[in-house]
2 protein chains.
Amino acid sequence: MIYRDKTKDFLEKELAKEKANYEEILKQNVKIDISRGKPCKEQLDLSMEMLNMINSVADLPAEGADIRNYGGIEGLYGLRQLFGEMLGVKAENVLVGGNSSLNMMYDTIQRCMQFGVNGSTPWNKLEKVKFLCPAPGYDRHFSLTAVFGIELITIPMDENGPIMDVVEKLVADDEAIKGIWCVPKYSNPTGIVFSDEVVDRLAKMPTKAQDFRIFWDNAYVVHDLYDSTVPLKNIYTACLANGNPNRVFIFASTSKITFPGAGVACFASSEENLKDALKTMKFQTIGPDKINQYLHLKFLQNMDGVRAIMKKHAAIIRPKFDTILNVLEDEFGTDSDIANWSNPKGGYFISYNVLNGCAKKVYELCKNAGLVITTVGDTFPYGKDDNDSNIRIAPTFTNTNQLDTACKILVCSTKIACIEKLISEK
Amino acid sequence: MIYRDKTKDFLEKELAKEKANYEEILKQNVKIDISRGKPCKEQLDLSMEMLNMINSVADLPAEGADIRNYGGIEGLYGLRQLFGEMLGVKAENVLVGGNSSLNMMYDTIQRCMQFGVNGSTPWNKLEKVKFLCPAPGYDRHFSLTAVFGIELITIPMDENGPIMDVVEKLVADDEAIKGIWCVPKYSNPTGIVFSDEVVDRLAKMPTKAQDFRIFWDNAYVVHDLYDSTVPLKNIYTACLANGNPNRVFIFASTSKITFPGAGVACFASSEENLKDALKTMKFQTIGPDKINQYLHLKFLQNMDGVRAIMKKHAAIIRPKFDTILNVLEDEFGTDSDIANWSNPKGGYFISYNVLNGCAKKVYELCKNAGLVITTVGDTFPYGKDDNDSNIRIAPTFTNTNQLDTACKILVCSTKIACIEKLISEK
């Protein structure tokens, strides 16, 4: 429905109806959280078998250094191969670490700040460091950069990725711009996949800063919701082809393949970049948990194993996405001037946009009715959505019945907030 | 034997005998490494049962958040309690992290450098930062500090710990001195335990820097070689009692209790210090691997469990220490002017001192005969042992037969190097 065209009288009647609806909701004492992209219990159960894979000394690798002891800072070679295949790089271009890719990103930023990149001036010693932040994007990327005092520059996005005309102009002119955050596949929260052209332009663009880096968080690299995948061009080979072999830092993890809190994360880049990182890492740690790495290798085995478990994940979470999408379409129809939303083919989120200036009000109404959604603004640098429009929906953790209720609360709250605004403008 | 009193002729005959001995050793094609404090296979086997402790969903904790999912940045409460008991602090004073206490130390230094301590000026912004390094000490402490550009000041030690007259004077006068590294129990490599007086003076001493911190690496807190322990005064309560509640950062891990590469590490301090650390850590990580933490909790259970497994470790490694000590005593007697050594009651090392100016030569002779010992100097800041005297022996990884051979090579190399020096001085 297009509300804007309706009379004030009509809108007031609609508002009264929704407010009555909201009063009914309040009586239900709902308590639902759809704020974070957390896998649900059924997903976690898919990997329990992994914890049974070392039962005795006989189950340890027959060759090589003892995985229980110190060392092996680069990670188990077999797992480097597996991540390499997943990301389209060689095993030699991959370091496998602990349970948190966020931690590997933090460490990478920290090394750049403290030690520089391949011999460049440590970013701490520069007057100003800036990062480009295509938005809406992942709140934890933005906050982890901001905590180091890096200035965040919001970059608009469309269905192909960041608007490259804007990106290219900024990086060509400003030496203080040292990086860009990207979730290139099934982007958090919009679900878009960067187009080949965007990948190529990122790989090719001249940058004023010689130590400019793309922070390529391929968090959803194999996280399809449907049988077919949406292809993503290989950024690493694109960088090589364009004479910028050291431009990209790639991150991924098994947090949404096996266990969110006990998976394994990886950092992939050129051999020169990895060598530079290892120069410091060897002072930092005695090496990653190779027992957990070996469990992962035994359990996943190869990319067929990865694809097989990802199909099981999809079977669990796709109905949850469908529940949300069905309620939204039922309530708003295919064309609405107060709400639109993404229809992702993978990843963990639905990006939901309400009439400009209404998202915070929607958040408050939801919260008041017992529904926690991602804090409005979190998907933008400094938590500031200038349009006050974007809401991130994370359907995976909650069961389908609750999601139906959650989405109805969201819709009702949206209608109240937006219709009130439209009435005030009449 | 006291060689210095002997005639040149006698020494030359001794030297010829040892050189012949060395030629025999060369024929054996030895390949032994006693350079690092690594537990041996038999020790690792002690904890295999742990890997069987979660076989199905039924073995997961019945209450609280799902340990497989994200979150829980402070670590599992039960494990915080266990480490708290081990270190003599409350669970609330402990954060339990990943598999590497070295990584927690690195992160702590990094936070101090980048963000300051409890609101102090970030150390990166100061012209100079210095750390006190009681030596001989742990090479990885020294190198991890040096990589941040921190100046290392060597502090002499005796059997009670660092020489406190020196420490007190330095920290009272120099605001650039921000920390001191301590391995207070069964110190690496000397095996000494800090006396109560040293602990008290560290806790009490006035420091010019308000954000001075003691980095208290209690790596060998429960690592007794014999049935009785050597008591260590509680530094945390001593700091509290002296009005310096935030002075100490404590580190420990299960790396030498369960698995070196797949244990759990902890960081303990005042609640104010932990709160300050968490302010940054929450941007850094999705939380520690709680599955591994829970396995540790189930396996160790409580301090009785810890003490029980430590007795098993001691039973495996004590004979290795004995082998070394027996050879040394057989070869040098109880009084020698070319070699003396520690007789540790716990920990992982024997500290071995040869005639000043001979350690590097001993190292070369050993290496040439196929025996790798810790690089001479590594136990001192910047890898520089001014006396060229200290050698660290790590007996645990190697089997007893090999250790006997290793120690005979070490003795023969020592005699050759030292007697040559004494002859040259005649």
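Predicted, not measured: the structure shown is a model, and the values here were computed from it.

## So, the overall build of chain A
Right, so step 1: Each helix and strand counted, chain A has 13 helices and 13 strands in total.
Right, so step 2: Its C-alpha atoms give chain A a radius of gyration of 23 Å, near enough to 22 Å, the size a compact globule of 426 residues would have.
Right, so step 3: Its C-alpha atoms give chain A principal-axis dimensions of roughly 75 × 55 × 35 Å.
Right, so step 4: Residue pairs at least 24 apart in sequence account for 77% of intrachain contacts in chain A once pairs closer than 6 positions are excluded.

## Remarks on the sheet that holds strand β13 (residues 390-393) of chain B
All names here are of chain B.
Right, so step 1: Reading across from one edge, β10-β11-β13 is the order of the 3 strands in this open sheet, with antiparallel pairing throughout. Across the chains shown, the open sheet's two edge strands, defined by having one partner strand only, are β10 (339-341) and β13. In this sheet, adjacent strand axes meet at a mean angle of 25° when their direction is disregarded.

## Topic: empty space enclosed by the protein
The gaps of empty space that remain are located by a probe, the size of a water molecule, rolled over the atoms.
Right, so step 1: Within this structure, the stated rule accounts for 6 cavities of 30 Å³ or more.
Right, so step 2: In this model, the largest cavity occupies a volume close to 770 Å³.
Right, so step 3: Contributions of two or more residues to the lining of the largest cavity are made by α4 (101-115), α9 (271-284) and α10 (290-300) of chain A together with α4 (101-115) and α9 (271-284) of chain B.
Right, so step 4: Within the lining of the largest cavity, the residues separate by chemical class into 14 nonpolar, 23 polar and 6 charged.
Right, so step 5: For the second largest cavity, the calculated volume is near 180 Å³.
Right, so step 6: Along the walls of the second largest cavity sit 16 residues, with Leu51, Asn292 and Leu295 of chain A together with Ile291 and Leu295 of chain B positioned nearest its centre.
Right, so step 7: For the lining of the second largest cavity, the elements supplying multiple residues, two or more each, are α10 of chain A together with α10 (290-300) of chain B.

## Observations concerning unusual backbone geometry
Right, so step 1: Residues Asn188 of chain A and Pro189 of chain A are joined by a peptide bond in cis, for which omega reads 5°.
Right, so step 2: With respect to the element layout, Pro189 of chain A can be found in the loop between β6 (177-182) and α7 (196-204).
Right, so step 3: The backbone of Asp388 of chain B shows a phi angle near 45°, a positive value even though the residue is not glycine.
Right, so step 4: Along the chain, Asp388 of chain B falls in the loop between β12 (371-372) and β13.

## Quick word on the interface of chain B and chain A
Right, so step 1: Between chain B and chain A, the contact holds 54 residues from the first and 54 residues from the second.
Right, so step 2: When the two sides are added together, the surface that chain B and chain A hide from each other amounts to roughly 4700 Å², 54% of it contributed by carbon and sulfur.
Right, so step 3: Summed over the three residues of chain B that lose the most area to chain A, namely Arg68, Tyr70 and Phe283 of chain B, the buried surface amounts to 16% of that side.
Right, so step 4: Counting every contact that joins chain B to chain A gives 2 salt bridges.
Right, so step 5: Between Arg68 of chain A and Asp45 of chain B there is a salt bridge whose closest N-O contact spans 2.6 Å.
Right, so step 6: Remark: the boundary between chain B and chain A carries 22 residue pairs in polar contact (both at pLDDT 80 or more).

## Concerning the pattern of salt bridges
Residues and elements named next belong to chain B.
Right, so step 1: Evaluated as defined, the whole model comprises 55 salt bridges over all chains.
Right, so step 2: In this structure, Asp66 and Arg68 form a salt bridge, with 2.8 Å as the shortest nitrogen-oxygen distance.
Right, so step 3: Its relative accessible area of 27% is what places Asp66 among the partly exposed residues.
Right, so step 4: Residue Arg68 is classed as buried on the basis of its relative accessible area of 0%.
Right, so step 5: A salt bridge links Asp404 to Lys408, with the shortest nitrogen-to-oxygen separation between them at 3.0 Å. On the criterion of helical spacing, the pair formed by Asp404 and Lys408 is a turn pair, its members being 4 residues apart in helix α13 (residues 400-425).
Right, so step 6: Of the residues examined, Lys408 reaches a relative accessible area of 42% and is grouped as partly exposed.

## A short note on the pairing of strand β11 (residues 350-354) of chain B
In the case of a regular strand, side chains alternate between the two sheet surfaces.
Residue and element names in this part refer to chain B.
Right, so step 1: The buried fraction of β11 amounts to 4 of the 5 residues, a majority that puts the element mostly inside the structure.
Right, so step 2: As defined by bridge partners, β10 adjoins β11 across 3 bridges and the pair is classed as antiparallel. The residue of β11 that forms the bridge with Ala339 is Val354.
Right, so step 3: Two strands pair when backbone bridges link them, and β11 and β13 are joined in this way by 4 bridges, in the antiparallel orientation.

## As for the packing of helix α12 (residues 359-368) of chain A against helix α13 (residues 400-425) of chain A
The description of two packed helices rests on the angle between their axes and on the distance between the axes.
Residues and elements named next belong to chain A.
Right, so step 1: Close contact between α12 and α13 brings their axes to 8 Å; oriented N to C, the two are set at 135°. Here α12 is positioned oblique relative to α13, judged by the angle of their axes. The handedness of the crossing between α12 and α13 is right-handed. Mapping the contact onto sequence places Lys361, Val362, Leu365 and Cys366 in α12 and Ile409, Leu410, Ser413, Thr414, Ile416, Ala417 and Glu420 in α13.

## Quick notes on the confidence of the model for chain A
Right, so step 1: This prediction gives chain A a mean pLDDT of 97; 100% of its residues lie at or above 70.
Right, so step 2: Overall fold confidence (pTM) sits at 0.97, and the ipTM for the predicted complex is 0.97.

## Brief notes about the packing of aromatic side chains
Right, so step 1: Under the defined criterion, the tally for this structure stands at 26 aromatic pairs over all chains.
Right, so step 2: Measuring from centroid to centroid gives 5.9 Å for Phe332 of chain B and Trp341 of chain B, while their planes differ by 40°, and the two rings are tilted.
Right, so step 3: For Phe332 of chain B, a relative accessible area of 2% corresponds to the buried category.
Right, so step 4: Ring pairing ties together the aromatic residues Trp123, Phe131, Trp181, Phe215, Phe249, Phe251 and Phe267 of chain A, which thus form one cluster.
Right, so step 5: It is Lys415 of chain B that lies over the ring of Phe332 of chain B; its NZ or CZ is 5.7 Å from the centre.

## Considerations on the sheet that holds strand β4 (residues 151-158) of chain A
All names here are of chain A.
Right, so step 1: Within the open sheet, the 8 strands sit side by side as β2-β9-β8-β7-β6-β3-β4-β5. Their pairing is mixed. A single partner strand is all that each edge strand has here, and the edge strands are β2 (94-96) and β5 (161-162).
Right, so step 2: Two strands pair when backbone bridges link them, and strand β7 (residues 213-217) and strand β8 (residues 248-253) are joined in this way by 4 bridges, in the parallel orientation. Note on β8: the bridge partner recorded for Asp217 is Phe251.
Right, so step 3: Sitting on the sheet, helix α6 (residues 164-173) touches β3 (130-135), β4, β5 and β6, and the angle it makes with β4 is about 150°.

## Observations concerning the relation of the copies chain B and chain A
Right, so step 1: Mapping chain B onto chain A calls for a screw motion: a turn of 180° about the axis and a shift of 0.0 Å along it, with 0.0 Å RMSD after fitting. Within this description, the copies of the chain are treated as partners about a two-fold rotation axis. Distance from the rotation axis, computed per C-alpha, reaches its smallest value in chain B at Asn52 of chain B: 3.4 Å.
Right, so step 2: Of the interface residues in chain B, 100% have counterparts in chain A that sit at the interface too, so the contact is made through matching surfaces.

## Looking at the environment of Asp5 of chain A
Right, so step 1: Structurally, the position occupied by Asp5 of chain A is in the segment before α1 (8-27).
Right, so step 2: Expressed as a C-alpha distance, the spacing of Asp5 of chain A and Asp337 of chain A, which sit 332 residues apart in the sequence, is 9.7 Å.

## Some points on α10 of chain A
Helical geometry note: an α-helix holds 3.6 residues per turn, so side chains three or four residues apart project in the same direction.
Residue and element names in this part refer to chain A.
Right, so step 1: Taking burial as the measure, the 11 residues of α10 include 10 buried ones, the bulk of the element.
Right, so step 2: The inward-facing, buried residues of α10 contact α3 (77-87), β2 and α11 (303-332).
Right, so step 3: A side-chain oxygen of the first residue of α10 lies 3.0 Å from the backbone nitrogen of Ile291; this N-cap is Asp289.

## Remarks on the layout of surface pockets
Right, so step 1: In this structure, the largest pocket spans a volume of roughly 740 Å³.
Right, so step 2: Looking at the largest pocket, it is lined by 35 residues, and the ones nearest its centre are Tyr70 and Ile286 of chain A together with Arg36, Tyr138 and Arg140 of chain B.
Right, so step 3: The set of elements that each furnish at least two residues to the lining of the largest pocket consists of α9 of chain A together with α4, α5 (139-146) and β8 (248-253) of chain B.
Right, so step 4: Ranked by the residues each element gives to the lining of the largest pocket, the list is headed by α4 of chain B, at 3 residues.
Right, so step 5: By residue class, the composition of the lining of the largest pocket is 13 nonpolar, 14 polar and 8 charged.
Right, so step 6: Put simply, the second largest pocket is a space of about 610 Å³.
Right, so step 7: Asn124 and Lys125 of chain A together with Gln114, Asn124 and Lys125 of chain B are the residues nearest the centre of the second largest pocket, which is lined by 28 residues in total.
Right, so step 8: Elements with a minimum of two residues in the lining of the second largest pocket: α4 of chain A together with α4 of chain B.
Right, so step 9: At 3 residues, the largest contribution of residues to the lining of the second largest pocket is made by α4 of chain B.
Right, so step 10: Grouping the amino acids of the lining of the second largest pocket by side-chain chemistry returns 16 nonpolar, 6 polar and 6 charged.

Basis of the calculations
Note that residues are indexed from 1 along each chain, following the sequence as it is written. Chain letters and ligand numbers both follow the written order, the letters beginning at A and the numbers at 1. At least 70 in pLDDT is required for a residue's local features to be given in this predicted model, at least 80 for side-chain atom pairs to be given and counted, and no such filter applies to totals for whole chains, interfaces and linings, which use all residues. Only hydrogens and water are set aside; all other atoms, that is, all heavy atoms of the structure, feed into the side-chain values. Only DSSP runs of H or I covering at least 4 residues are called helices, and only runs of E covering at least 2 are called strands; the numbering of each starts at the N terminus. Each radius of gyration is computed over the set of C-alpha atoms, and the globule rule expresses the reference value as 2.2 Å times the number of residues to the power 0.38. The contact rule is simple, with two residues in contact once any of their heavy atoms fall within 4.5 Å. Two strands pair if DSSP finds at least two bridges between them. Where helices are involved, their axes are fitted lines through C-alpha atoms of the stretch in contact, as for all axes, and angles between N-to-C directions lie from 0 to 180°. Space inside and on the surface of the protein is sampled on a 1 Å grid over the protein atoms alone, with a cavity defined as a set of points where a 1.4 Å probe fits but cannot get out and a pocket as an open set with protein on both sides within 12 Å along at least 5 of 7 lines; lining residues have an atom within 4 Å of a point. Grid points are joined across faces, edges and corners, and a volume is the space filled by probe spheres set on the points. Each residue is assigned to one of three groups, with Ala, Val, Leu, Ile, Met, Phe, Trp, Tyr, Cys and Pro labelled nonpolar, Asp, Glu, Lys and Arg labelled charged, and all others, Gly among them, labelled polar. What counts as buried area is the accessible surface, traced by a 1.4 Å probe, that two parts surrender upon association, with contributions from both included. Salt bridge criterion: a side-chain nitrogen from Lys or Arg within 4 Å of a carboxyl oxygen from Asp or Glu. Think of a polar contact as two N or O atoms within 3.5 Å of one another; within protein, one of them needs to be a possible hydrogen donor and the other a possible acceptor, and neighboring residues in sequence only count if both atoms come from side chains. Exposure is judged per residue with a 1.4 Å probe applied to protein chains only, and the accessible area is read against the type maximum: over 50% gives exposed, under 20% gives buried, and values in between give partly exposed. What sets the label is the angle itself: under 35 degrees gives roughly parallel, over 145 gives roughly antiparallel, 65 to 115 gives roughly perpendicular, and the rest give oblique. Here a crossing is called left-handed whenever its near helix is offset anticlockwise from the far helix by less than a right angle, and right-handed whenever the offset is clockwise. The pLDDT value expresses, per residue, how confident the predictor is, ranging between 0 and 100. Only rings of Phe, Tyr and Trp enter the pairing, Trp through its six-membered ring, and a pair is recorded when the two centres are within 6.5 Å. The plane angle decides the type: under 30 degrees is stacked, over 60 is edge-to-face, the rest tilted. Put simply, a charge is over a ring when the Lys NZ or the Arg CZ is close to the ring centre, within 6 Å, and near the line of the ring normal, within 35 degrees. The fit set for superposing copies consists of C-alpha atoms from residues with pLDDT of at least 70 in both; the fit itself is least squares.

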